[in-house]
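A closer look at the structure
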Amino acid sequence: MIEIRHLTRVYDGVPVVNDVSLTIGTGELAVLVGTSGSGKTTLLRMINRLVQPTSGQVLVEGVDTATLPAHLLRRRIGYAIQGHGLFPHRTVAQNIATVPRLLGWPRARIDARVDELLALFQLDPATFRNRMPHQLSGGQAQRVGVARALAAKPDLLLMDEPFGALDPLIRAKAQADLRAIQQKLGTTLILVTHDMQEAVDLGDRIAVMDGGRLLQYDHPARILTQPAAPFVRDLIGATDRPLRLLSLKTVGDLAQPGDAEGPAIPPEATLHDALAECLWTGRTALPVQGGGIVTLDALRAEARPR
Amino acid sequence: MIRRILPALAGLALLAFLISPGSFAPLFQPFTRNNAPAIYTQTSLLSLTLSHLAIVALAVAASTVAGLVLAILVTRGAGREFLPLARTVTAVGQTFPPVAVLALAVPVLGFGTGPTLVALFLYGLLPVFENALAGLSNQPAPVAEAARAMGLTPRQRLWQIDLPLALPLLLAGMRLTAVISLGTATIGSTVAARTLGEVIIAGLLSSNTAFVLQGGLVVGILAVLIHHAFQAAEVRARRRMGLD
């Protein structure tokens, strides 16, 4: 569990992060969202002390991070950034092995871990182990960057706009992969983004920041239906609100008994997908794979705040 | 292809000349007058060349160590304040004429190799220092950030990230210093250092153009070869990082 208590950072008399407190449960994925200059990146960087807090505390599993030497703290916290920051003079395997090597893992264990992570990120170890970073595509480099951050099995992973440099198609895939890997490993993850859609798609909880202050910290559905401030509502965007709400639930959640015409939709598809399918094919109900149907009326009811 | 063959041929020609200078006498004969000797034989050209190279290597090594250490000191922590001072010192080293350094150093160090080493060391400091400085300070921000965030200590960052990334530029600085020193070392012979300048000075004193020419040619070809070797090392280092 990560507890952030009254964290403040002042630059030249101006607070960039102003008295922020929030708690992130073990295994949760929290997204810090806000416009540029909102203080979200500074808040993230204070967690592994790349930025020294002016006041306040960060507790990881009950231990105040200020009591540890900064470099030892950082070896326990994974960190992945936009533009990946891979070391250009080191191979993919050497990049991924960075923190395990610092921690003095035996050679065989490091090699096994590198191959395990490459396989986890769908990069063939034999092909990619000895490549140099400049020989990777943007999506591959991004995956290696995240693999490097996860190498020493950190309990906490911090990500600063990790998908910012990827084109939309690759980004959607990378987001889905990250979510799957995070759930599989049970890693607590804090991710910074300026993209509300990304926050809604990924986050168990979303922290909305503006002008250094935390405006709202809640589950995505509540952020969408009960924005705590006008700024939060603006960030969501009034026209996208119902669609974002629909993207939070899957067809499986809404399936009811019945019969419907046409091709079936998989139960793990989002309600957003189901709505699109209804509109596109002119149907009022869709059969769900494995039984049941999802109706347009039910979708309509889900797209409104309750 | 031609970029490899030409230096190889030049190197072979130089080697042949140094091993058996006598066989090249007909080539240099047209540049002599009054039946003066065409080839310098006072001292073995091979031993002069080796001594010349040793002096240059020593001076370049000293400039590199000093320039690099200075660049490291002024790019971290409290050392940053001394950056303007370091720039001034190395620039003065470059602008102060080596001949004047020789003249000033002889009373202190006596005749011989010492004053030449001092002159070359000061003269070669600037290119190494400026290039090392550029290499250490112009690193990609995400790489520097990642290194810090992974938990590398400042010392580990220096050895494992900063220095390897600065290597191509450092090699370029060493190349400049080596080529400059190779030519400048010839003046060391005015204060009795054993360099190829001896051949050139003997030619000047006896109005023997052949001597001047062979001294100059040996130095020139050496400079081209060394320039080439450093450049090849730079290209390798840059390719590894995907810079070319």
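Residues numbered from 1 in each chain as written. Chains lettered and ligands numbered in written order. Predicted model: local features only at pLDDT ≥ 70, side-chain atom pairs only at ≥ 80, totals over all residues.

Under the annotation held in an unreviewed UniProt entry, chain B carries the name ABC transporter and is attributed to Paracoccus acridae. Per UniProt, chain B has the following entry under Sequence similarities (unreviewed entry): "Belongs to the binding-protein-dependent transport system permease family." The record in UniProt for chain B states the following under Subcellular location (unreviewed entry): "Cell membrane". (UniProt positions renumbered as here; feature names shortened; annotations may be inferred.)

Identification of chain A as ATP-binding protein from Paracoccus acridae is taken from an unreviewed UniProt entry. In its Sequence similarities (unreviewed entry) section, the UniProt record describing chain A reads: "Belongs to the ABC transporter superfamily."

Across its full length, chain B holds ten helices and zero strands. Traced from its N-terminal end to its C-terminal end, chain B shows the element sequence α-α-α-α-α-α-α-α-α-α. A buried classification covers 41% of the 244 residues belonging to chain B. Residue pairs in contact within chain B that sit at least 24 positions apart in sequence constitute 72% of those at least 6 positions apart. (Helix = DSSP H or I, 4+ residues; strand = E, 2+ residues; numbered from the N terminus. Buried ≥ 20, exposed ≤ 12 C-beta atoms within 10 Å, placed from the backbone. Contact = placed C-beta atoms within 7 Å.)

This part covers the sheet that holds strand E10 (residues 213–218) of chain A. Residue and element names in this part refer to chain A. Read across the open sheet, the six strands follow the order E6-E7-E8-E3-E9-E10; overall the sheet is mixed. Of all strands in the sheet, those with a lone pairing partner are strand E6 (77–81) and E10, marking the two edges. Geometrically, the sheet is characterised by an average inter-axis angle of 15° between neighbouring strands, direction not taken into account. Taken together, the five bridges between strand E9 (residues 205–210) and E10 define a ladder with antiparallel strand orientation. Along E10, the bridge assignment pairs Ile-206 with Asp-218. Those strands touched by helix H7 (residues 138–150) are E6 and strand E7 (156–160), and its axis lies near 165° from that of E6. (Pairing = 2+ DSSP bridges. Axes fitted to C-alpha atoms, helices over the stretch in contact; angles between N-to-C directions.)

A few words on the UniProt feature "domain: ABC transporter" (unreviewed entry) in chain A. Sites flagged by UniProt as "domain: ABC transporter" (unreviewed entry) map to residues 2–236 of chain A. With 40% helix and 26% strand, the stretch residues 2–236 of chain A has end C-alpha atoms that lie 26 Å from each other.

Residues annotated in UniProt with the feature "domain: ABC transmembrane type-1" (unreviewed entry) correspond here to residues 49–230 of chain B. In this annotation, residues 49–230 of chain B is assigned 81% helix and 0% strand; the end-to-end C-alpha distance for the span is 19 Å.

All right, on to unusual backbone geometry then. Residue and element names in this part refer to chain A. Positioned with a positive phi, Gln-122 is a non-glycine residue whose angle comes to about 60°. Relative to the helices and strands, Gln-122 is located in the loop between helix H5 (107–120) and helix H6 (125–128). Under the C-beta neighbour-count criterion, Gln-122 is labelled exposed, with 10 such atoms within 10 Å. Positive phi, close to 45°, is recorded for Glu-161, a residue that is not glycine.

Bringing the domain arrangement of chain A into the picture now. Residues and elements named next belong to chain A. Per the domain assignment, the segments of chain A are domain 1 (2–240) and domain 2 (244–302). Facing the nine residues of domain 1 at the interface are four residues of domain 2. Ranked by residue count, the leading element in the side of domain 1 that touches domain 2 is helix H10 (residues 220–225), at four residues. (Domains from an automatic or database assignment.)

Moving on, we come to the packing of helix H9 (residues 197–205) of chain B against helix H10 (residues 209–240) of chain B. Residues and elements named next belong to chain B. Look at H9 against H10: their axes get within 7 Å of each other, and the N-to-C directions meet at 160°. Considering the angle they form, H9 stands roughly antiparallel to H10. Between H9 and H10 lies a crossing of left-handed hand. Every residue of H10 that contacts H9 at Val-199, Ile-200, Ala-202, Gly-203 and Leu-204 is listed here: Thr-209, Ala-210, Phe-211, Val-212, Gln-214, Gly-215 and Gly-216. The residue makeup of the contact of H9 with H10, split by class, is seven nonpolar, five polar and no charged. (Parallel < 35°, antiparallel > 145°, perpendicular 65-115°, else oblique. Left-handed = near helix turned anticlockwise from the far one by under 90°. Nonpolar A, V, L, I, M, F, W, Y, C, P; charged D, E, K, R; others polar.)

With that settled, the discussion passes to the sheet that holds strand E4 (residues 55–60) of chain A. Residue and element names in this part refer to chain A. Here four strands make up an open sheet; going across it, the order is E2-E1-E4-E5 and the pairing antiparallel. Each edge of the open sheet carries a strand with a single partner, namely strand E2 (14–24) and strand E5 (63–64). Bridge count between E4 and E5: two bridges; the pairing is antiparallel. Across the sheet, residue Leu-59 finds its bridge partner in E5, namely Asp-64. Where helix H1 (residues 40–47) meets the sheet, it contacts strand E1 (2–11), E2 and E4, and its direction lies at approximately 60° from that of E2.

In this assembly, 16 residues from chain B lie in contact with 19 residues from chain A. Mapped onto the side of chain B that touches chain A, the elements with two or more residues apiece are helix H7 (141–149) and helix H8 (154–184) of chain B. With six residues, the top contributor of residues to the side of chain B that touches chain A is H7 of chain B. Classifying every residue of the side of chain B that touches chain A gives ten nonpolar, three polar and three charged.

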